[in-house]
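# Structural features, examined
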Amino acid sequence: MAPTLAAQTVQPVPGGLRHSLGFLWHRLRQSPLTLAGLAVIVLVLAVMALAPALAPHDPNLVDLEHRLLPPSASYWFGTDEVGRDLFSRILYGSRQSVSVALFVVPVAGVLGSILGSFSGSVGGLADTVIMRATDIVMSVPSLVLTMALAAALGPSLFNAMLAITVVRIPFYVRLARGQALLIRELNYTKAARAFGASRWHVVRWHVLRNALPPIIVQATLDVGGTILMAAALGFIGLGAQQPTAEWGAMVATGRNYILDQWWYSAFPGCAILITAMGCNLFGDGLRDLLDPRQKGR
Amino acid sequence: MSSVLSIEDLRLEFPIYQGAVQALNGVTLRVEPREIVGVVGESGSGKSVTAMAVMRLLVPGSYRVTGSATLLGQDVLAATEPAMLALRGSQVAMIFQEPMTALNPTRRVGQQMVEVLRRHRPLTRSGAQAEAVALLRDMHVADPERIQHSYPFELSGGMRQRVMLALAFSCQPRLLIADEPTTALDVTVQRQVLLLMRDKAREKGAAVLLITHDMAVVSQFCDRVYVMYAGAVVEDGPTAEVLAAPRHPYTRGLLDALPDRVASRGDLAAIPGSVPDLTRLPEGCAFAGRCPLVHGACASRPPSLPVGPGGQRHAACWAVRDGEAS
């Protein structure tokens with residue numbers, strides 16, 4: 001059998017970032033709901049970044065002459081009990097609420113995935129210890145545990161973030177561990193080990209990398225949940241403190257005026273609803289995109 | 001020169017709820033330098049478990065093992081993990097069945113080759129890339145530069161197995177364990193890959209332990225053969241002799257079942273019955289329930305393979321031994 005050494009033509013293989021992004025865009029366009037979710041996320045991020053430019057008033061400017069005004073041309077969402085502009089406060093509030101999610105989800109996701117992949121790949125005592133620890137955290141209702149942790153750490157936005165992170169980590173650990181158990185039985189991990197790859201190398205290059213799609217989906221879905229959680233902590237006074245604008249805290253204060261000044265609670269509430277829903281829509285769409293077999297479920 | 005691989009009475013079981021799966025029940029096997037040794041047997045006969053145990057790739061803590069296995073002078077059952085890491089990939093290489101799944105689907109072939117090369121040899125990134133291209137060309141792969149930039153799913157099965165072979169031979173191993181390397185390939189590609197493997201092994205002085213269930217492959221490529229049944233070696237000897245005059249009734253049954261042994265319109269011969277449950281092995285010979293030569297001694301004691309120098313023929317069967325004695 002003669003070696004067939006054809007002319008050495010190095011052709012660009014389809015692939016590369018540009019190609020992948022193009023394909024992603026093509027798939028996204030087929031799902032209007034995912035696209036809507038993406039639009040909401042982009043909008044919220046834009047608002048976060050541009051709040052100072054967009055806000056018509058200083059969010060913390062007390063103006064007792066204009067307290068509890070209904071929505072109007074100059075105060076689009078009305079004013080609160082000390083005359084601050086609610087529209088401006090909601091714009092600025094996005095920075096608090098969304099930054100919680102932007103901190104919690106990556107930190108919990110990365111730590112949880114590494115722990116979980118390690119746990120599943122190594123097995124033995126380390127696996128037992130890590131999994132029992134996650135069981136302990138998960139056996140307590142997450143809202144109650146987050147509240148307890150946040151209260152113990154002292155009420156502040158950063159402590160609320162830490163509390164939510166600790167409670168979210170086990171979900172990623174379990175997910176990544178399940179993937180690791182699956183992947184470590186696959187041929188390419190066995191082959192890698194047969195070729196002398198160390199455990200850490202297998203975790204880093206084979207397990208983590210191939211476990212990524214479900215973790216990304218979980219993370220996008222978590223963004224909405226985390227925003228809700230942050231708002232809930234703000235609502236009961238364990239999140240951002242006055243006078244910082246934060247959606248959950250605004251809803252909580254607005255509750256006192258809900259019968260006569262409906263707009264006070266309604267607009268921050270809507271902001272939470274729309275942001276959380278946008279993230280969930282996008283997360284759902286991403287799951288269908290990354291795992292076509294599950295489509296339509 | 002001492003044996004590359006020497007396994008003595010290896011017994012291995014996987015504990016399960018109430019009992020254990022007795023995967024290996026006394027495997028004795030030897031591979032000499034530069035030899036191509038075949039291991040045949042049906043699914044579940046312990047071929048792959050033997051290979052995985054020798055490489056110590058089974059999940060730690062999931063099994064119990066007795067006996068001995070010596071790989072290049074290293075006792076693999078007692079060796080530390082760093083010692084095994086030093087063996088795997090450089091001194092001993094292993095390739096797997098289904099080359100479709102033996103490469104990480106999310107990374108380019110070149111990256112994966114460079115990694116293995118740099119792990120075992122002092123090469124720079126660009127040096128390793130050049131070496132990978134040279135290795136692929138050595139495996140008769142056309143256009144290796146393009147293959148380097150491809151993802152595994154863009155390659156055919158035969159191409160992927162060539163990539164695996166290139167990696168396997170990249171560090172001049174003394175032993176290559178090939179676990180059904182061609183099962184998922186079609187017959188022509190299978191032949192090309194096996195020929196390539198044999199030639200490269202001879203060229204580089206590596207011994208090969210070829211695990212397969214294909215008697216035709218054994219007859220064409222192996223110097224010696226071990227026949228396994230229910231986790232034990234039932235017969236061994238030089239390939240030509242074993243195939244020409246099988247002694248163990250199981251080997252005979254396997255050979256009689258080959259399509260080219262019957263007239264064109266005749267029915268294929270089959271071995272009656274099925275493989276015993278590995279959680280409840282019979283007290284005596286595991287093959288007794290299906291054996292045409294079964295008699296008194298078979299039910300009470302398991303026949304062990306007589307231990308002797310390599311190159312000789314052995315069969316673990318009471319009937320054969322009685323026949324020789326009389």
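The notes below deal with the structure included here. Computed from a predicted structure; not experimentally measured.

Our next topic: the packing of aromatic side chains. Under the defined criterion, the tally for this structure stands at eleven aromatic pairs over all chains. Consider the rings of tyrosine 151 of chain B and phenylalanine 153 of chain B, whose centres lie 6.1 Å apart with planes at 10 degrees: the pair is stacked. Taken together through their ring pairs, the aromatic side chains of Trp76, Phe77, Phe87, Trp262, Trp263 and Phe267 of chain A make up a single cluster. Geometry around tryptophan 205 of chain A places arginine 204 of chain A over its ring, the cationic atom sitting 4.0 Å from the centre.

Turning to unusual backbone geometry, a few remarks are in order. Residue and element names in this part refer to chain B. With phi around 60 degrees, histidine 140 is a residue other than glycine that occupies positive phi space. Tracing the backbone shows histidine 140 in the loop between α4 (125-138) and α5 (144-148). Classification of histidine 140 as partly exposed rests on a relative accessible area of 26%. One non-glycine residue, glutamate 180, lies in the positive phi region at around 45 degrees. Looking at the element boundaries, glutamate 180 is found in the loop between β7 (175-179) and α7 (187-204).

Tallying each qualifying case throughout the model produces 26 salt bridges over all chains. For the salt bridge of aspartate 127 of chain A with arginine 177 of chain A, the shortest nitrogen-to-oxygen distance reads 2.8 Å. Residue aspartate 127 of chain A is found in helix α4 (residues 124-139), and its partner arginine 177 of chain A is found in helix α6 (residues 157-184); the two are separated by 50 residues along the sequence. The closest approach of N and O atoms between glutamate 131 of chain B and arginine 121 of chain B, which form a salt bridge, is 3.3 Å. Residue glutamate 131 of chain B is located in helix α4, and its partner arginine 121 of chain B is located in the loop between α3 (109-120) and α4; the two are separated by ten residues in the primary sequence. Residue class for arginine 121 of chain B comes out partly exposed when judged on its relative accessible area of 24%. One continuous salt-bridge network, built from bridges that share partners, spans Arg193 of chain A together with Arg56, Glu81 and Arg88 of chain B.

In this assembly, 30 residues from chain A lie in contact with 43 residues from chain B. At the boundary of chain A with chain B, total buried surface from both sides reaches about 3,000 Å², with 58% on carbon and sulfur atoms. At the junction of chain A and chain B, the tally comes to one salt bridge. Close ionic contact of glutamate 81 of chain B with arginine 193 of chain A constitutes a salt bridge, the shortest N to O distance being 3.5 Å.

Moving on, we come to empty space enclosed by the protein. Residue and element names in this part refer to chain B. Per the counting criterion, the structure on display carries two cavities of 30 Å³ or more. Each pocket or cavity is described by its volume, and for the largest cavity that value is around 60 Å³. Looking at side-chain class alone, the lining of the largest cavity contains ten nonpolar, one polar and no charged residues. Considering only enclosed or pocket space, the second largest cavity measures out at about 30 Å³ in volume. Leu29, Val39, Lys47, Thr50, Ala51, Leu209, Ile211 and Met228 are the residues that line the second largest cavity. If you list the elements that add at least two residues to the lining of the second largest cavity, you get α1 (47-54) and β8 (207-212). Ranked by residues supplied to the lining of the second largest cavity, first place goes to α1 with three residues. Residue classes in the lining of the second largest cavity are distributed as six nonpolar, one polar and one charged.

The next thing to look at is the environment of valine 40 of chain B. Residues and elements named next belong to chain B. Position of valine 40 among the secondary structure elements: in strand β3 (residues 36-40). Spatially, the C-alpha atoms of valine 40 and valine 227 are 5.0 Å apart, while their sequence positions differ by 187 residues. When near neighbours in sequence (up to four residues on either side) are disregarded, valine 40 contacts Lys47, Thr212, Asp214, Met215, Val218, Val225, Tyr226, Val227 and Met228.

All names here are of chain A. Of note, threonine 189 is situated in helix α7 (residues 187-194). For threonine 189, the side chain forms a polar contact with the main-chain oxygen of isoleucine 183, separated by 2.6 Å. If we ignore the near neighbours within four places in the chain, the residues touching threonine 189 are Ile183, Arg184, Val202, His206 and Val207.

Below, the discussion takes up helix α9 (residues 247-254) of chain A. Most of α9 of chain A is tucked away, with eight of its eight residues classed as buried. Two or three places before glycine 248 of chain A, at the start of α9 of chain A, stands the capping residue glutamate 246 of chain A, its side-chain oxygen 3.1 Å from that residue's backbone nitrogen.

Quick look at the pairing of strand β2 (residues 19-31) of chain B now. Residue and element names in this part refer to chain B. In this structure, strand β1 (residues 5-16) lies alongside β2, joined through ten bridges in antiparallel fashion. For proline 15, the partnering residue across the bridge sits in β2 and is alanine 20. Remark: two residues form the turn of the hairpin made by β1 and β2, two consecutive strands paired antiparallel; glutamine 18 in that turn has positive phi of roughly 50 degrees.

Residue and element names in this part refer to chain A. Among the surface-exposed residues, Leu143, Met147, Phe235 and Ile236 lie close enough to one another that they form a single nonpolar patch of about 310 Å² accessible area. The topology assignment puts leucine 143 in helix α5 (residues 142-153). The exposure class assigned to leucine 143 is partly exposed, which follows from its relative accessible area of 40%.

What follows concerns the sheet that holds β7 of chain B. Residue and element names in this part refer to chain B. Here seven strands make up an open sheet; going across it, the order is β6-β7-β8-β3-β9-β10-β11 and the pairing mixed. Two strands in the sheet have a free side with no partner beyond their single neighbour: β6 (92-95) and β11 (314-315). Across four bridges, β3 lies against strand β9 (residues 224-229) in parallel orientation. When the bridges of β9 are listed, valine 37 appears paired with arginine 224. The sheet contacts of α7 involve β3, β6, β7 and β8, and relative to β8 the element is tilted by about 160 degrees.

Procedures and definitions
Residues numbered from 1 in each chain as written. Chains lettered and ligands numbered in written order. Predicted model: local features only at pLDDT ≥ 70, side-chain atom pairs only at ≥ 80, totals over all residues. Heavy atoms only, no water. Phe/Tyr/Trp six-rings, centres within 6.5 Å; stacked < 30°, edge-to-face > 60°. Lys NZ or Arg CZ within 6 Å of the ring centre and 35° of its normal. Helix = DSSP H or I, 4+ residues; strand = E, 2+ residues; numbered from the N terminus. Buried < 20%, exposed > 50% of the residue type's maximum accessible area, 1.4 Å probe, protein only. Salt bridge = Lys/Arg side-chain N within 4 Å of Asp/Glu carboxyl O. Contact = heavy atoms within 4.5 Å. Buried area = accessible area lost by both parts, 1.4 Å probe. 1 Å grid on protein atoms, 1.4 Å probe; cavity = no way out; pocket = protein on both sides within 12 Å on 5 of 7 lines; lining within 4 Å. Points joined across faces, edges and corners; volume = space filled by probe spheres on them. Nonpolar A, V, L, I, M, F, W, Y, C, P; charged D, E, K, R; others polar. Polar contact = N/O pair within 3.5 Å; in protein donor to acceptor, adjacent residues only side chain to side chain. Pairing = 2+ DSSP bridges. Patch = residues over 30% accessible without salt bridge, like charges linked within 9 Å, V, L, I, M, F, W, Y side chains within 5 Å. Areas by Shrake-Rupley, 256 points an atom, 1.4 Å probe, with all protein chains shown as cover. Axes fitted to C-alpha atoms, helices over the stretch in contact; angles between N-to-C directions.

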